[in-house]
Amino acid sequence: MAKIEVSQVAEILKKHKIDPSLLREIVEELNFVTEPNADGDIKPPAPKKQFVVLLSDMEGKLPKDNLTGWVVQIPEDASPYSTTDRIFKGAYDFNASKKGRLLPVKSIGEALESASAKYFKESELWVKTKLPVAVVVTDNILPKDEFKIEKVDRRRKLDEE
């Protein structure tokens with residue numbers, strides 16, 4: 001739908017020589033209709049969020065074996081340690097729903113994969129990866145030696161060697 005200024009509408013109506021009193025009434029009504037509502041049009045600012053990675057340590061051997069995890073977001077001022085409680089609340093809400101009573105979730109992975117965002121929204125949790133992703137363990141140190149990269153001159157033909 002095209003948007004047009006009220007002043008432009010008034011100019012068009014003036015060109016067509018509409019009665020000034022009628023013109024004034026139309027412009028006032030247009031101004032009234034187009035003014036923003038105090039409640040509906042103003043949205044609160046989006047909350048600032050922080051990322052949290054949940055690791056799945058199945059055997060209790062945290063950095064040795066392959067790890068998987070999920071990425072979620074919580075409010076910036078919230079503690080990352082409250083993440084599991086937020087997931088529990090969303091899972092309980094899902095299990096209380098009609099679909100959850102038919103197919104209840106029994107683990108955090110099932111909750112993050114099966115439950116929709118509306119169950120986690122109330123507890124201020126935003127799921128970014130429904131399926132677990134691989135987690136790579138690093139020692140966070142860059143090597144001192146430069147990587148040796150062989151430069152290949154592709155213009156040179158193999159026959160010349």
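The shown structure was predicted, so the numbers you read here are calculated from the model rather than taken from an experiment.

Reading guide: rules and limits
Residues numbered from 1 in each chain as written. Predicted model: local features only at pLDDT ≥ 70, side-chain atom pairs only at ≥ 80, totals over all residues. Heavy atoms only, no water. Axes fitted to C-alpha atoms, helices over the stretch in contact; angles between N-to-C directions. Helix = DSSP H or I, 4+ residues; strand = E, 2+ residues; numbered from the N terminus. Parallel < 35°, antiparallel > 145°, perpendicular 65-115°, else oblique. Left-handed = near helix turned anticlockwise from the far one by under 90°. Contact = heavy atoms within 4.5 Å. Buried < 20%, exposed > 50% of the residue type's maximum accessible area, 1.4 Å probe, protein only. Polar contact = N/O pair within 3.5 Å; in protein donor to acceptor, adjacent residues only side chain to side chain. Pairing = 2+ DSSP bridges.

*Asks:* Explain the packing of helix α1 (residues 6–15) against helix α2 (residues 20–34) residue by residue, including any values.
*Replies:* Contact pair α1 / α2: the axes reach a minimum separation of 10 Å and the direction vectors enclose 160°. It follows that α1 is roughly antiparallel to α2 by the angle criterion. At the point where α1 passes α2, the crossing takes the right-handed sense. Between α1 and α2, the contacting residues are Val 6, Val 9, Ala 10, Leu 13 and Lys 14 on the first element and Leu 23, Ile 26, Val 27, Leu 30, Asn 31 and Thr 34 on the second.

*Asks:* Explain the side chain of Thr 83 residue by residue, including any values.
*Replies:* Note on placement: Thr 83 falls in helix α3 (residues 83–96). You can call Thr 83 buried: its relative accessible area is 1%. Side-chain polar atoms of Thr 83 contact the backbone oxygen of Pro 80, separated by 2.7 Å. Among residues more than four places away in sequence, those in contact with Thr 83 are Val 52, Leu 54, Val 72, Ile 74 and Leu 125.

*Asks:* Tell me about the pairing of strand β2 (residues 67–75), and please be specific about residues and values.
*Replies:* Burial of β2 is extensive: 8 of the 9 residues sit out of reach of the surface. In the sheet, β2 pairs with strand β4 (residues 133–135) via 3 bridges, with the strands oriented antiparallel. Bridge assignment links Leu 67 to a residue of β4, and that residue is Val 135. Alignment of β2 against strand β3 (residues 126–127), held across 2 bridges, turns out to be antiparallel. For Gln 73, the partnering residue across the bridge sits in β3 and is Trp 126.

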